[in-house]
Amino acid sequence: MEKGLLEPRELEERGKRLLLDLMMDYAERRIGVEYLDAKYDDPAPEAEAHIDCADRVTICKAVCCRLPFALTEKEVRKGAIRWDFGRPYLVARKPDGYCAHLDRDKFACEIYDDRPASCRLFDCRTDARWPVWEDFGAKTVNVDLLKKVFTSAPDSSQGR
Ligand code: SF4
Ligand code: SF4
């Protein structure tokens, strides 16, 4: 920059590109950790999604409990939620791809009172990244999404 060969803006842009390349490289090689920002800790009850899951799980197959997501540092330190040792700090999953805390017989969360912020805030009625329903009111599930999630390897999707 002192020699006038580079503008500060160019240097900043190059730095950002390099950072992105490094992040992609680390993600591919599974180096580093993922965690959810602390701003999501302890969401207010009114911010939580309240959905009639019991009437829907036979249709949606609790697909939300197969989606990968990261914990906050506070959740990790509290110790109630298991996380993936091979990919910290995503929630741990069983070999079948479901969350380690899902009771598969009842399709119920075994740590309901301690469930992560990510679970409390996830709203399958409106989530744009994971559109579970074609028509929520009519209970018509998005078959394409279910196929995608149920055929993917447990750790191959992007976090919610
Ligand atoms: S996808 Fe929606 S309806 Fe189905 S279990 Fe998850 S939150 Fe409940
Ligand atoms: S913690 Fe509970 S609600 Fe969250 S993904 Fe696991 S089983 Fe589902």
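Residues numbered from 1 in each chain as written. Chains lettered and ligands numbered in written order. Predicted model: local features only at pLDDT ≥ 70, side-chain atom pairs only at ≥ 80, totals over all residues. Heavy atoms only, no water.

(A) Quick look at the overall build of the chain. Per the secondary structure count, the chain includes 5 helices and 4 strands. Seen in sequence order, the chain has helices and strands lined up from the N terminus as α-α-α-β-β-α-β-β-α. For 160 residues, the compact-globule formula gives about 15 Å, and the C-alpha radius of gyration of the chain, at 19 Å, lies well above that figure. With the principal axes as the frame, the chain shows a C-alpha extent of 70 × 35 × 35 Å. (Helix = DSSP H or I, 4+ residues; strand = E, 2+ residues; numbered from the N terminus. Rg over C-alpha atoms; globule rule 2.2 N^0.38 Å.)

(B) Representation of the nonpolar core within the structure. Counting residues in each nonpolar core, the largest one holds 18 residues, and the members touching the most others are Phe-122, Cys-124, Trp-130, Val-132, Trp-133 and Val-149. When contributions to this core are tallied by element, the ones reaching two or more residues are helix 2 (57-60) and helix 5 (143-151). With sequence-adjacent residues up to four places away left out, Cys-124 is seen in contact with Ile-51, Val-132, Trp-133 and Phe-136. Residues Phe-69, Leu-71, Ile-81 and Val-91 belong to the second largest nonpolar core, which totals 7 residues. (Core = buried A, V, L, I, M, F, W, Y, C linked by side-chain atoms within 4.5 Å. Buried < 20%, exposed > 50% of the residue type's maximum accessible area, 1.4 Å probe, protein only. Contact = heavy atoms within 4.5 Å.)

(C) Representation of the side chain of Asp-41 within the structure. In this structure, Asp-41 sits in the loop between helix 1 (8-28) and helix 2. Lys-74 provides the closest opposite charge to the buried, unpaired Asp-41, separated from it by 5.4 Å. At a separation of 2.7 Å, a polar atom in the side chain of Asp-41 contacts the side chain of Thr-72. The residues touching Asp-41, leaving out its near neighbours within four places in the chain, are Thr-72, Lys-74 and Glu-75. (Lys, Arg positive; Asp, Glu negative; His and termini not counted. Salt bridge = Lys/Arg side-chain N within 4 Å of Asp/Glu carboxyl O. Polar contact = N/O pair within 3.5 Å; in protein donor to acceptor, adjacent residues only side chain to side chain.)

(D) Inspection of helix 5 at higher detail. Where helix 5 is concerned, the buried positions are Leu-145, Leu-146 and Val-149. Along the axis of helix 5, the buried positions cluster into a sector of 100 degrees, meaning they face one direction only. Opposite the buried face of helix 5, at more than 90 degrees from it, the exposed residues are Asp-144, Lys-147, Lys-148 and Thr-151. Against the buried residues of helix 5 lie helix 2 and strand 4 (140-141). Taking the backbone nitrogen of Asp-144 as reference, a side-chain oxygen 3.2 Å away marks Asn-142 as the first, capping residue of helix 5. (Arc of directions from axis to C-beta.)

(E) Spatial organisation of the site of ligand 1. Taken together, the residues surrounding ligand 1 are Ile-51, Cys-53, Arg-56, Val-57, Cys-60, Ala-62, Cys-64, Cys-124, Val-132 and Trp-133. Looking at side-chain class alone, the shell around ligand 1 contains 9 nonpolar, no polar and 1 charged residues. (Near = heavy atom within 4 Å. Nonpolar A, V, L, I, M, F, W, Y, C, P; charged D, E, K, R; others polar.)

(F) Inspection of the domain arrangement of the chain at higher detail. As far as domains go, the chain holds domain 1 (1-32) and domain 2 (38-151). The gap between the C-alpha centroids of domain 1 and domain 2 is 34 Å. (Domains from an automatic or database assignment.)

(G) Looking closely at a nonpolar patch on the surface. Residues Leu-18, Leu-22, Tyr-26 and Ile-31 make up a contiguous nonpolar surface patch of about 360 Å² in total accessible area. Along the chain, Leu-22 falls in helix 1. The class for Leu-22 is partly exposed, based on a relative accessible area of 38%. (Patch = residues over 30% accessible without salt bridge, like charges linked within 9 Å, V, L, I, M, F, W, Y side chains within 5 Å. Areas by Shrake-Rupley, 256 points an atom, 1.4 Å probe, with all protein chains shown as cover.)

(H) Spotlight on the site of ligand 2. The environment of ligand 2 is formed by 10 residues, the closest being Cys-65, Cys-99, Cys-109, Pro-116 and Cys-119. Here the residues of the shell around ligand 2 are counted per class, giving 8 nonpolar, 1 polar and 1 charged.

(I) Layout of the pattern of salt bridges. The full count for this structure, using the stated rule, is 11 salt bridges. A salt bridge links Arg-87 to Glu-34; its shortest N-O distance comes to 3.3 Å. You can see Arg-87 sitting in the loop between helix 3 (73-78) and strand 1 (102-103) and its partner Glu-34 sitting in the loop between helix 1 and helix 2, a full 53 residues away along the chain. A relative accessible area of 35% means that Glu-34 is categorised as partly exposed.

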